[in-house]
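Commentary on secondary and tertiary structure
Chain by chain, the residues run as shown.
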Amino acid sequence: MNNHMEYVSLSPNVGVTDVNETVKFYTEILGFNLVLSNPESGKLEWAMVANGNAVIMFQEMESLRNEYPALKERAPMGTLTFYVKIKNMKPLYEKLKDTAFIANGIHQTFYGADEFAVFDNNGYILTITEDNE
């Protein structure tokens, strides 16, 4: 019998000030789709967006502190960046290249991928990468 533990998925739940604005950024700017939210409309406390296999959740900070009371006692966590692998990234880069969202211009990495980085509306950095084939 195999008792090997296996992780099936990892979907970050990110604390943000304004879930509605964050969903707007991820859907309108980055091309994600709103999958689920609480409540279904109005001022959102929580939402999940996805595109392909990439899934990310956002939760309003006060709601997050109420869910995890220990967060009220703890210092803010460290820097968080996201590494997002996509296909056909050039149109997204063209859309964003002359905006304040760009954190790092397009370049080739030491491991042979093309990538660029953007700031989201919360200041989190997403490194957008595509394998060269």
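For the structure, see preceding data.
Notes on the structure in this doc start here. (Residues numbered from 1 in each chain as written. Predicted model: local features only at pLDDT ≥ 70, side-chain atom pairs only at ≥ 80, totals over all residues. Heavy atoms only, no water.)

1. Points about the sheet that holds strand 2 (residues 33-38)
Strand order in the open sheet formed by four strands is 1-4-3-2, with mixed pairing between adjacent strands. Strand pairing shows two members of the sheet lacking a second neighbour, strand 1 (13-16) and strand 2, which therefore form its edges. Strand-to-strand twist across the sheet, computed as the mean angle between neighbouring axes with direction ignored, equals 25 degrees. Of the strand pairs in this sheet, strand 3 (residues 46-51) and strand 4 (residues 54-60) are connected by six bridges, and their pairing is antiparallel. Paired with Val49 across the bridge in strand 4 is Ile56. Against the sheet, helix 1 (residues 19-29) engages strand 1, strand 2, strand 3 and strand 4, with an angle of about 5 degrees to strand 3. (Pairing = 2+ DSSP bridges. Helix = DSSP H or I, 4+ residues; strand = E, 2+ residues; numbered from the N terminus. Axes fitted to C-alpha atoms, helices over the stretch in contact; angles between N-to-C directions. Contact = heavy atoms within 4.5 Å.)

2. Considering a nonpolar patch on the surface
Judged by side-chain polarity, Tyr83, Phe110 and Tyr111 come together as a nonpolar surface patch covering roughly 430 Å² of accessible area. Inspection of the secondary structure assignment puts Tyr83 in strand 5 (residues 81-85). The class for Tyr83 is partly exposed, based on a relative accessible area of 47%. (Patch = residues over 30% accessible without salt bridge, like charges linked within 9 Å, V, L, I, M, F, W, Y side chains within 5 Å. Areas by Shrake-Rupley, 256 points an atom, 1.4 Å probe, with all protein chains shown as cover. Salt bridge = Lys/Arg side-chain N within 4 Å of Asp/Glu carboxyl O. Buried < 20%, exposed > 50% of the residue type's maximum accessible area, 1.4 Å probe, protein only.)

3. Some words on the nonpolar core
Counting 24 residues, the largest nonpolar core has Tyr26, Leu30, Phe116 and Leu126 as its most contacted members. When contributions to this core are tallied by element, the ones reaching two or more residues are strand 1, helix 1, strand 3, strand 4, strand 5, helix 3 (90-96), strand 7 (113-119) and strand 8 (125-131). The leading source of residues in this core is helix 1, at four residues. If we ignore the near neighbours within four places in the chain, the residues touching Tyr26 are Gly31, Phe32, Val49, Phe58, Asp120, Asn121 and Leu126. (Core = buried A, V, L, I, M, F, W, Y, C linked by side-chain atoms within 4.5 Å.)

4. Here's the deal with the sheet that holds strand 7
Taken together, four strands build an open sheet; the order of strands is 5-8-7-6 and the sheet is mixed. A strand with exactly one partner marks an edge of an open sheet, and here the two such strands are strand 5 and strand 6 (102-108). On average, adjacent strands in this sheet sit at an angle of 15 degrees to one another, irrespective of strand direction. Pairing between strand 6 and strand 7: four bridges, direction antiparallel. Residue pairing across strands places Ile102 opposite Val118, the latter belonging to strand 7.

5. A look at the packing of aromatic side chains
Applying the stated criterion across every chain, the model contains seven aromatic pairs. Aromatic side chains Phe25 and Tyr26 sit 5.6 Å apart centroid to centroid with 70 degrees between the ring planes, which places their arrangement in the edge-to-face category. Each ring, one from Tyr93 and one from Phe116, has its centre 4.9 Å from the other, and the planes form 65 degrees; the classification is edge-to-face. One end of the pair, Tyr93, is in helix 3; the other, Phe116, is in strand 7, and 23 residues separate them in sequence. By the burial criterion, Tyr93 is buried, and Phe116 matches it. Three or more aromatic residues joined by ring pairs form one cluster here, namely Phe25, Tyr26, Phe32, Phe58 and Phe101. (Phe/Tyr/Trp six-rings, centres within 6.5 Å; stacked < 30°, edge-to-face > 60°.)

The analysis is restricted to geometry; functional conclusions fall outside its scope.
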